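Below are the chains, spelled out letter by letter.
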Amino acid sequence: MAASLASKWSRVGRSLLGGLGNNLSGLSSTSHEMASGNFLSQQRTFIQMRTVLKVVDNSGAKTVMCIQPLKGRKVARLGDTIVASVKEAMPTGKVKKGQVVHAVVVRAAMQHGRFDGSEVRFDDNAVVLVNKAGEPTGTRVFGPVPHELRRKKHVSILTLAEHLA
């Protein structure tokens, strides 16, 4: 009885720990992996549905969640337009929480190759809110903005940016 109960609990423990063995060396390696950061490493992917993004303009929104990238794609990259829902907003802003807005991706954690062979990658995923015509809702853009937006016809965002990356 005790042996079957112990084996049952070891199976539960293995399923919770990702299939590791019952021995303590497996647990010590797991704690070492957690401490070194390999276990919880962040995988960098494109902007897709349900991705939470930071808003870097003064439109009043703080964070948005991607509903769908436009132009029939499944993912969005730098300079692409997405449809998003406002998740956090300032009470005195132009946009309110729950409002569905269009936004242009200005920073992405996924690396993006340039024509000269270099690659650009940012620490966070960030957007600028725009109207359906593509004009920015806010009057300022904070942080670096890549110059690839010029090719995607978002020159008005570049003029509002503090500095280009």
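Look up: the structure comes first, before these words.
A short tour of the structure in this document, coming up. (Residues numbered from 1 in each chain as written. Predicted model: local features only at pLDDT ≥ 70, side-chain atom pairs only at ≥ 80, totals over all residues. Heavy atoms only, no water.)

Let's talk about the layout of surface pockets
The calculated volume of the largest pocket comes to roughly 190 Å³. Along the walls of the largest pocket sit Pro 69, Leu 70, Lys 71, Arg 73, Val 75, Ala 76, Gly 79, Asp 80, Thr 81, Lys 152 and His 154, which together make up its complete lining. Taken as a whole, the second largest pocket holds about 150 Å³ of empty space. Every residue lining the second largest pocket is counted, 13 residues in all, and those nearest its centre are Phe 46, Ala 76, Arg 77, Leu 78 and His 112. Taken together, the residues of the lining of the second largest pocket sort by class into seven nonpolar, two polar and four charged. (1 Å grid on protein atoms, 1.4 Å probe; cavity = no way out; pocket = protein on both sides within 12 Å on 5 of 7 lines; lining within 4 Å. Points joined across faces, edges and corners; volume = space filled by probe spheres on them. Nonpolar A, V, L, I, M, F, W, Y, C, P; charged D, E, K, R; others polar.)

A word on the pattern of salt bridges
Per the counting criterion, the structure on display carries five salt bridges. With a shortest N-O distance of 4.0 Å, Lys 54 and Asp 124 are connected by a salt bridge. Taken as a pair, Lys 54 in strand β1 (residues 52-55) and Asp 124 in the loop between β6 (119-120) and β7 (126-130) lie far apart in primary sequence, 70 residues in all. Of the charged contacts in the structure, one is a salt bridge between Asp 80 and Lys 152, with a shortest N-O distance of 2.9 Å. Taken together, the residues span a long stretch of sequence, with Asp 80 in the loop between β2 (61-69) and β3 (81-89) and Lys 152 in the loop between β8 (141-145) and α3 (155-160) at a distance of 72 residues. The network of salt bridges with common partners includes Lys 54, Arg 107 and Asp 124. (Salt bridge = Lys/Arg side-chain N within 4 Å of Asp/Glu carboxyl O. Helix = DSSP H or I, 4+ residues; strand = E, 2+ residues; numbered from the N terminus.)

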